[in-house]
2 protein chains.
Amino acid sequence: MKSNEIKEAALKYFTIHGYEGASLSQIADEVGMKKQSIYAHFKGKDDLFLQVLRDAKETELSSKLQYFSNIGSQHPEKDLYGFLQLVIALFKENEQLKFWLRMSFFPPAHLVKAIEKEVIDIEEKVQAILESKFHDWIDAKAIFGDSAKTPTLAFLGIVDSIMLELVYVNDEKRLKDKLEASWTVFWRGISHR
Amino acid sequence: MKSNEIKEAALKYFTIHGYEGASLSQIADEVGMKKQSIYAHFKGKDDLFLQVLRDAKETELSSKLQYFSNIGSQHPEKDLYGFLQLVIALFKENEQLKFWLRMSFFPPAHLVKAIEKEVIDIEEKVQAILESKFHDWIDAKAIFGDSAKTPTLAFLGIVDSIMLELVYVNDEKRLKDKLEASWTVFWRGISHR
DNA sequence: CCTCCCCTAACGAACGTTCGTCAGTTTATA
DNA sequence: TATAAACTGACGAACGTTCGTTAGGGGAGG
C-alpha cells in the first residue's frame, strides 16, 4: 500500500523537522513521487499529519497495554524495570514514539486542541492501569507505601526522563548510566527495607 | 534598546512555533516594525536565533550555578527540593527555559551542531557541580550511598521530568502532585533509614 | 552658527524560492 | 472500459533576504 509508504516518510520528516519544518515535497521525494500525488491519498498536510499521529498513538498504547496485561502482582521489580526496557526498545525500533513525544510537548499551534485530546486519552489509560498495578503490589506487600498514586506518578516521571534521554541519542553509555541510576534510586525509594 | 525587544519577541515565537514555524514578519509585527528592519540589528534569522539561544543559556546557567554557590553540605533535603522549586520558578517567570528545553531536544536541523555544543557545555557544568555536592553529602553521611554519580543522574532525571511537566502547563495540580511524588520517592531512595 | 559627513534605524519594493493546494490529463491495473 | 493513482501545470501566499532610499542625530571643521 502506497499510502503507508507516504505515512512512513511523513513520520520521519515530521519527527526530524517538526510539522512546519517538514514539507510535502520532501516527503514525496522520499517515496519517489511528486508532492501533488499525495493528494490522491490524503486531503492535505493536516490530514496526513493527523493520520500519522493516530497511528503512532495506537502503536504506543497497544504496546504498553499489552505489556501490562501479561504481568502479575508478584514481581514488581522485574516488571517495572522490564517496562523501562520496553520503552527503550520501542523507541529504538521505530520512530513513532519519538514523533509522539515531540508532538505531545511541542505541537503545531493550529492543531493543539486535536493533539491534546489524544495525549490526554492515552495518558489517562496508561496511568490508570499502572496505578491499579501499584495498588495490587501494595496490597501484596511487594512494595512499600500506602497510596498507589505516589509511586505511579514517580514512575511516570522516570519514564519521561528516560524518553528525553533517548531523544538525546549521542551517547549510549549515558543512557545506560541514567537508566541504572534512576532505577536504583526509584526502587530503593519504593521497596521495603 | 530595540534589539532587545526583537530578541524578546523572537524568544516568544521560537518557543511557541519552533525555528521553522516562527517567521520574521510575525516577530517584527510584535515589536511594531517591518521584517526588513530586523536586518538593521541582526545578520539574519540564524543570527537572531543564536543570540536568543546564547542569552537563554547564560540565564539558565548563571541561575543554577548561583543557587549552588549558596548552599552548604548539611541540608541536602532542603537544598535539593529547593533546586526543584527554583527550576519551576525559572520556568514560570520567563520563557527562556522553555525555549532552551525545546531547542535542546528538538533543534532545527541545520543548527544541530552549534546547539549541541552549547547544550553539552551547560550540561557538563551543572552535572559537575551537582556531583560534587552529592559527594560532600555522602562524606557528611547526610545521604545514603557510596558513589555520587548515581544520585546525581537520578536527580537530573527528576529535573527533566519536572520540566516536561511544566511544558505541559494545563494543570497546576498535576504538576504539584508529580513534584511531590517524584521527590518523595527520590528522597526515600537516597536517605538513610 | 552652519554645513558637511557619517552613522543608525526604519522603510517600501522587489528578489528568487518554496510552500500547500487545486485542476486537468495521462497511465496502469483490474 | 472503468477506476484509481500518478502525472504536468499552475495558483496565490508566504518565506528569508537584498536593494536603494529616507529621516534623524551627533561630531568636526570652517
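About the cut-offs
Residues numbered from 1 in each chain as written. Chains lettered and ligands numbered in written order. Predicted model: local features only at pLDDT ≥ 70, side-chain atom pairs only at ≥ 80, totals over all residues. Heavy atoms only, no water. Near = heavy atom within 4 Å. Polar contact = N/O pair within 3.5 Å; in protein donor to acceptor, adjacent residues only side chain to side chain. Nonpolar A, V, L, I, M, F, W, Y, C, P; charged D, E, K, R; others polar. Core = buried A, V, L, I, M, F, W, Y, C linked by side-chain atoms within 4.5 Å. Buried < 20%, exposed > 50% of the residue type's maximum accessible area, 1.4 Å probe, protein only. Contact = heavy atoms within 4.5 Å. Salt bridge = Lys/Arg side-chain N within 4 Å of Asp/Glu carboxyl O. Helix = DSSP H or I, 4+ residues; strand = E, 2+ residues; numbered from the N terminus. Phe/Tyr/Trp six-rings, centres within 6.5 Å; stacked < 30°, edge-to-face > 60°. Lys NZ or Arg CZ within 6 Å of the ring centre and 35° of its normal.

As recorded by an unreviewed UniProt entry, chain A carries the name TetR/AcrR family transcriptional regulator and is attributed to Paenibacillus mendelii.

It is worth spelling out the protein's contact with DNA strand D at this point. Close contacts around DNA strand D come from 15 residues, with Lys34(A), Gln36(A), Ser37(A), His41(A) and Tyr39(B) the closest. Counted by atom, the contact set of DNA strand D within 4 Å of the protein is 54% sugar and phosphate. At 2.8 Å, a backbone N or O of Lys34(A) approaches a phosphate oxygen of DNA strand D. Residues that form the surface near DNA strand D fall into these classes: four nonpolar, seven polar and four charged.

Taken as a class, soluble globular proteins show a tendency for nonpolar side chains to be buried jointly. Grouped together as the largest cluster of nonpolar side chains are 144 residues, with contacts concentrated most on Phe134(A), Phe155(A), Phe186(A), Phe134(B), Phe155(B) and Phe186(B). Ignoring any residue separated from it by four or fewer positions in sequence, one finds Phe186(A) in contact with Leu80(A), Phe134(A), Pro151(A), Ala154(A), Phe155(A), Ile158(A) and Val185(B).

Lys35(A), Tyr39(A), Lys34(B), Ser37(B) and His41(B) are the nearest of the 16 residues found near DNA strand C. When the atoms of DNA strand C within 4 Å of the protein are grouped by moiety, sugar and phosphate amount to 55% of the total. One of the backbone nitrogen or oxygen atoms of Lys45(A) is found 2.8 Å away from a phosphate oxygen of DNA strand C. The residue makeup of the surface near DNA strand C, split by class, is five nonpolar, seven polar and four charged.

Looking now at the interface of chain A and chain B. Of the residues lining the interface, 38 residues belong to chain A; the matching set on chain B comes to 38 residues. Inspection of the chain A/chain B interface yields two salt bridges. Close ionic contact of Asp160(B) with Lys178(A) constitutes a salt bridge, the shortest N to O distance being 3.2 Å. Per-element accounting of the side of chain A that touches chain B gives the leading share, eleven residues, to helix H8 (residues 172-190) of chain A. A class-by-class count of the residues in the side of chain A that touches chain B yields 16 nonpolar, twelve polar and ten charged.

All right, on to the packing of aromatic side chains then. For the coordinates displayed, the defined rule picks out 33 aromatic pairs over all chains. Both rings, one in Phe105(A) and one in Tyr168(B), keep their centres 5.8 Å apart while their planes meet at 65°; by these two values the pair is edge-to-face. Pair noted here: Phe105(A) is in helix H5 (residues 96-105) and Tyr168(B) is in the loop between helix H7 (149-167) and helix H8 (172-190), and the two residues belong to different chains. An aromatic cluster is present here, built from Tyr67(A), Phe68(A), Tyr81(A), Phe83(A), Phe134(A), Trp137(A), Phe155(A), Trp183(A), Phe186(A) and Trp187(A) joined pairwise through their rings. Between Arg188(A) and the ring centre of Phe144(B), over which it is positioned, the NZ or CZ distance is 3.5 Å.

A few words on the environment of Ala181(A). Note on placement: Ala181(A) falls in helix H8. Residues Ala181(A) and Asp136(A) lie 45 residues apart in sequence; the distance between their C-alpha atoms is 26 Å. In contact with Ala181(A), not counting residues within four places along its chain, are Thr150(B), Leu153(B) and Ala154(B).

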